[in-house]
Structures are given as structure tokens and as C-alpha cells.
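# Descriptive structure summary
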Amino acid sequence: MPTLLVQIKRRWLVLILALGLILALSPGPTDAVAVTALRDGALQLAAARRPADPQPWRMLGDLYLAVGQVDAALTAYDQALRRGDDSAALDASLARLHAAQGDDRRAVRYWARLLSRHPFERAARLALAESAIALADWSRAQRELEFLLAADPNDPVAHAWLGLLLIEPQPTAAIPHLEQAAQDPVWEAALKPVLAANRQAVASADPAYRSTLLGAALLGLDPSSLNAASPATFSRAATMLALRSLLLAVHRNPAYADAFAYLGQTLDRIGQTDWAAAAFAYALQLAPQSPIALTLAGSYWDRHARPDLARYLFEVAFDLDRENSALCLQIGATYLAQGEYTAAEAWLLFATELAPEDVQVWKTLAHFYLDTGIGAGQSGLFAARRWVELTPAAADAHDLLGWAYFLANQPAQAAASLTQALTLDPNLASAYYHWGRLQADQGRFDQAIRAYERAAALDTDRQLAANLERAWSALPEAYQDR
């Protein structure tokens, strides 16, 4: 029987770890605090006071995973396993970890282990179904989703996935599920293209056209707009469903160029780049003047560092549709990739003439001016202001406007815009970086350091790493060693 003192120590340790986990998972600018806590506090306490107990290590792994440090999470979970952790909580943690790594087979194994103990754990069963779809295990996914609907006939997410799963082989059975899911505001906009594609396809009575429309709609599903628990797993599942539809499309009509073009896009998403290139080449052989094939093939070569070839394809597509502002942006991006800034600016400005109310056009133009430093004064300010006017609730728009004001030497306006950006999104890493630059420029180096540290903690994909390193090096030497 542990002594009272031992029990108190254990409870305090669990409380500290739980607090760190809450900090990492809570919305708001607390992630840097959480990272500091897990590195300097919880880990030392776990190792020193409870060396044989797996629970602190599992909680530590959850904390690392919550802030995107997958390798550190794996190390912590391994320590929990070495200490005999056989809990359902660790099963869930390992399933989430493997899903984050893209290993759906292992994720399924751990979700199944958890469900063998807790069969009515909705989130686990839903995650298992998504991973099963990503593995093209259609029958297993259908069983899991039907189990969820038996437990809750109104579950919109289960209805959505079951409808998407059945839309190709059993459209009559799928539509009621999709329509039920579309009654949920979160899913309504996402499923609209799928339902529209199905209606168009039914009207055409062309099975290859129907499958192509469905494949394109599935490729367009955006997990960020659906609050997906695991956006990466969601994307893999949707892509696999798209692949199924597009393979059926080319099987039904081997001369359908657009189907091959969308198939190329899908193959590229799953890492089959050589097969993707072959699909695009065949699509263009079938229909050299297809705007869809030209645009998708151009996007493929743009992603694979061939801006010259991408631009040629985009320009041919633009000659067929000279009102297409999106193609102007893509052509401008190819010139930008090759450092031809004058040509890039001309195409982006042309896009604003074609689509003066298009948010993406002004966002792209603002980033062009402010990321390159060309026209960062009035031109950059004008583009950023226009972006904010069109999307006043977009944190990234206010962030870039704040940066534009900073570059234009208007610190008061910069502070106001950056404050608004962080109010709208307290976890926007770039806004903290820009705030740090503003503070450093005004000699408030302690505040700058805190902002840089927070930006680094939030920058899980390390897009700001080089900028943060340069900004840190620009601090006075006395502050760099802190």
C-alpha cells in the first residue's frame, strides 16, 4: 500500500502531465508553453520519480504528437511499451501516431485492438473505417460504418462516408446517406459537388462520364473544412475512392482523355509519379486541346519542378479559355519559379483585371509583392488591403497586411493588423514571426524572443525555420544565448 506521501507525489505528477497535455490541445497561443513544459518539466519528473510507470511516457507521447513532433512521440510511446503499458489509451495513441505517419495498416490494427475492449468508442470506429477506405478494404469499411449507424442512425459523418463508399457500386443506396449527411451544415458544402456530379451523370447516362465526375469531386474534398480528426487519413481515404472511380472510368471508356487526366492527378497524389506522367501523356495524346488535360498536366509538371513545360501547357489552355483567371495565376507562378518577376507580375495583374472580386487572385498578388520584396511598399499594401476587404475574417489576410505595413515602415498599423490576425487565429505561426520582427525592430527584444519561440513551436512543418533562424541571428548577441 503506497504511503500518503507517495500517493500525493503521484497525483501531482499526473496533474502536471495532464496540464501540459491540456495546454497543447487547447486553442490559443499556449503551444510554446506546452513544449517547454514537456521538455524541461514533465520529462524530468517522469524519469526521476516514476521510472517504471508507463503512464507519464504515454502522456508525454500524446503531448509530442499534439504539437506535431512525431518522432519524439514514437520514442515516448516506445518507453511506455517497455514499461508494460497494455492500455486502450496507448492503443488509441499508437493508432493516431501511425495514421499521422501514413501507415494505415498499423493504424487499423491498433484501432481494432481498442475496439475489442471498447466496441462503442465512436471516434475509434470512425477512424478505423477511414483507414480501411484508405487501404481499399471496402467491405470492412462498410461494416464499421453500418455499425456506427446502428448505434446512432443520425450520425452525419458515418452517413457521409458510407454514401461516398457506396456511390460507385450502389448509387441508389448511396444517395439517401449523402442527402442525410448534407443536412449537417459542416458537410453540406463538401457533398454538394458529389451530389451534383451524380445528378449530371444520371442525366447523361454515360457511365464513364459519371465515374469521372465523381472522381473529380472526391479529389476536391477538403478535410480542413470538415474538422476532420485526422486530415491526412481523410485525404488518403478520399483519394482512394477517387482512384476507384477513375479506374472504372478509363476501363469503361479507354479513349476518354479527361478521365486519364484526373487519373494522373490521383496517381500523383499517392506517389505514383511515373504512372501519373504516363496518364497525362496519354490524355494529351487522346485530346491535345482538352483544357482539363492541359491544366492538370501543367499542374503536375509545375509540382515536379518543370516550370517551362508547365507554362507551355498552361498557355495552350489559356488560348482556349482567355477569361480564365486561375490559368493566369498558374502561368505567373511558373515565371516566378524561374525568377522572371516582371513577367510574373504582368500575368498576376492580368488576373486581377479578369477577376477583380476573386479572393485567390488578390491573395496571390499580395504574396508575390511581399514574399519577393518587389513592390512591397504601395503595391504590396494595396493588394493586401484588397485581400482583407474581400475576406475580413481571414487571419492570414490580416497577418500579411500587418507584414505589408511593417515593410512600409508603418509600425502602428502593422501592430493593429497583426493583433487582429492573432485574435482571429491564436495559433498562426507566421503572425508570431511577424510580430517578433516588429518587436525586434522597435528594440523590444524580450518580446521578440517570446514571439519567435512561439512561432517555432507552432511551425510544425518548418516552413518558417529559415526565416526564424535569420531573425534570431539578427538579435543583439546578448539575447541570442538566452
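Notes on the structure follow. (Residues numbered from 1 in each chain as written. Predicted model: local features only at pLDDT ≥ 70, side-chain atom pairs only at ≥ 80, totals over all residues. Heavy atoms only, no water.)

## Considerations on the overall build of the protein
Rules: Every helix listed is a DSSP run of H or I at least four residues long, and every strand listed is a run of E at least two residues long, numbered separately from the N terminus. By definition in these notes, contact holds between two residues if any of their heavy atoms fall within 4.5 Å.
Within the protein, the secondary structure is distributed over 27 helices and zero strands. Residue pairs in contact within the protein that sit at least 24 positions apart in sequence constitute 51% of those at least 6 positions apart.

## Quick word on the packing of helix α16 (residues 291-303) against helix α17 (residues 307-320)
What counts is decided by this rule: Simply put, an axis is a line fit to the C-alpha atoms, just over the touching stretch for a helix, and the angle between two N-to-C directions goes from 0 to 180 degrees. In these notes the angle categories are as follows: under 35 degrees is roughly parallel, over 145 is roughly antiparallel, 65 to 115 is roughly perpendicular, and the rest is oblique. Throughout, a crossing is termed right-handed when the near helix is turned clockwise from the far one, and left-handed when it is turned anticlockwise from it by less than a right angle. Classification convention: Asp, Glu, Lys, Arg as charged; Ala, Val, Leu, Ile, Met, Phe, Trp, Tyr, Cys, Pro as nonpolar; all other residues, Gly among them, as polar.
Where α16 contacts α17, the two axes come as close as 8 Å, and the packing angle between them is 160°. Here α16 is positioned roughly antiparallel relative to α17, judged by the angle of their axes. The hand of the α16/α17 crossing is left-handed. Contacts from Pro291, Leu294, Thr295, Ala297, Gly298, Ser299, Trp301 and Asp302 of α16 reach α17 at Pro307, Leu309, Ala310, Leu313, Phe314, Val316, Ala317 and Leu320. Residue classes in the contact of α16 with α17 are distributed as twelve nonpolar, three polar and one charged.

## As for the environment of Gln442
To keep things clear, this is the line we draw: Two N or O atoms count as a polar contact when they lie within 3.5 Å, although within protein this holds only if one can serve as hydrogen donor and the other as acceptor, and sequence-adjacent residues are included solely when both atoms are side-chain atoms.
On the secondary structure map, Gln442 appears in the loop between α24 (429-441) and α25 (445-458). Separated by 31 residues in the primary sequence, Gln442 and Pro411 have C-alpha atoms spaced 8.7 Å apart. At 2.2 Å, the side chain of Gln442 forms a polar contact with the side chain of Arg444.

## Quick look at helix α20 (residues 359-372)
Note the following rule: A helix's residues, less one, multiplied by 1.5 Å, set its expected span. Relative accessibility under 20% of the residue-type maximum defines a buried residue, over 50% an exposed one, and the middle range a partly exposed one, all with a 1.4 Å probe and only protein chains included.
The end-to-end C-alpha distance of α20 is 20 Å, a good match for the 20 Å that 14 residues give at a rise of 1.5 Å each. All of the buried residues in α20 are Val361, Trp362, Leu365, Ala366, Phe368, Tyr369 and Leu370. Contacts made by the buried residues of α20 are with α18 (325-337), α19 (341-354), α21 (378-390) and α22 (395-407). Its side-chain oxygen placed 2.8 Å from the backbone nitrogen of Gln360, Asp358 serves as the N-cap of α20. Looking one or two residues past α20, Gly373 carries a phi angle of roughly 85°, positive in sign.

## Describing the side chain of Glu168
With respect to the element layout, Glu168 can be found in the loop between α9 (156-166) and α10 (171-182). In this structure the side chain of Glu168 is engaged in a polar contact, spanning 3.1 Å, whose partner is the side chain of Arg210. Side chain to side chain, Glu168 and Ser245 meet in a polar contact 2.7 Å long. In this structure, Glu168 is in contact with Arg210, Ser211, Leu214, Arg244, Ser245, Leu248 and Arg252, ignoring residues within four places of it in sequence.

## Some remarks on the side chain of Asp268
For Asp268, the position within the fold is in helix α14 (residues 257-269). Excluding anything up to four places from it in sequence, Asp268 contacts Thr273, Ala276, Tyr300, Arg303 and His304.

## A few points about the pattern of salt bridges
Our working rule: Only one rule defines a salt bridge in this text: a Lys or Arg side-chain nitrogen within 4 Å of an Asp or Glu carboxyl oxygen.
A full pass over the atoms with the stated rule returns 19 salt bridges. A salt bridge links Arg306 to Asp308, with the nearest nitrogen and oxygen atoms 3.3 Å apart. Accessibility expressed as a relative area gives 37% for Arg306, which makes it partly exposed. Glu389 is the partner of Arg386 in a salt bridge, and the nearest nitrogen-oxygen pair spans 3.1 Å. Separated by three residues within a single helix, Arg386 and Glu389 lie in helix α21, roughly one turn from each other. A residue is classified by how much of its surface remains accessible, and Arg386, at 17% relative accessible area, is buried. Given a relative accessible area of 55%, Glu389 falls into the exposed group. The structure contains a network of salt bridges with shared partners spanning Asp86, Asp91, Arg113 and Arg117.

## Quick word on the packing of aromatic side chains
Two numbers describe a pair of aromatic rings. These are the distance of the centres and the angle of the planes. Rule in force here: To pair, rings of Phe, Tyr and Trp, with the six-membered ring standing in for Trp, must have centres within 6.5 Å; the planes then decide the type, stacked if under 30 degrees apart, edge-to-face if over 60, and tilted in the middle. To sit over a ring, a charge needs its Lys NZ or Arg CZ within 6 Å of the ring centre and within 35 degrees of the ring normal.
A full pass over the atoms with the stated rule returns 14 aromatic pairs. Plain terms: the ring middles of Phe318 and Trp347 are 5.4 Å apart, the flat faces sit at 85° to each other, and that makes the pair edge-to-face. Of the two residues, Phe318 is situated in helix α17 and Trp347 in helix α19; the sequence distance between them amounts to 29 residues. When sorted by exposure, Phe318 lands in the same class as Trp347, which is buried. Ring-pair connections join several aromatic residues into one group, and the members of that group are Trp403, Phe406, Tyr433 and Tyr452. Here Arg244 stacks its cationic end above the ring of Trp138, 4.6 Å away from the centre of that ring.

## Examining the nonpolar core
Counted only if it meets this: We define the nonpolar core as a collection of buried residues of types Ala, Val, Leu, Ile, Met, Phe, Trp, Tyr and Cys that are connected through side-chain atoms lying within 4.5 Å of one another.
Membership of the largest hydrophobic core comes to 106 residues, with the highest contact counts inside it found for Leu145, Trp161, Leu164, Leu178, Leu191 and Phe234. For this core, the element with the most residues is helix α13 (residues 231-252), which contributes ten residues. The residues contacting Leu191, other than those within four sequence positions of it, are Ala160, Leu164, Leu178, Ala181 and Ala182. Membership of the second largest hydrophobic core comes to 24 residues, among which are Leu60, Ala80, Leu94 and Ala124.

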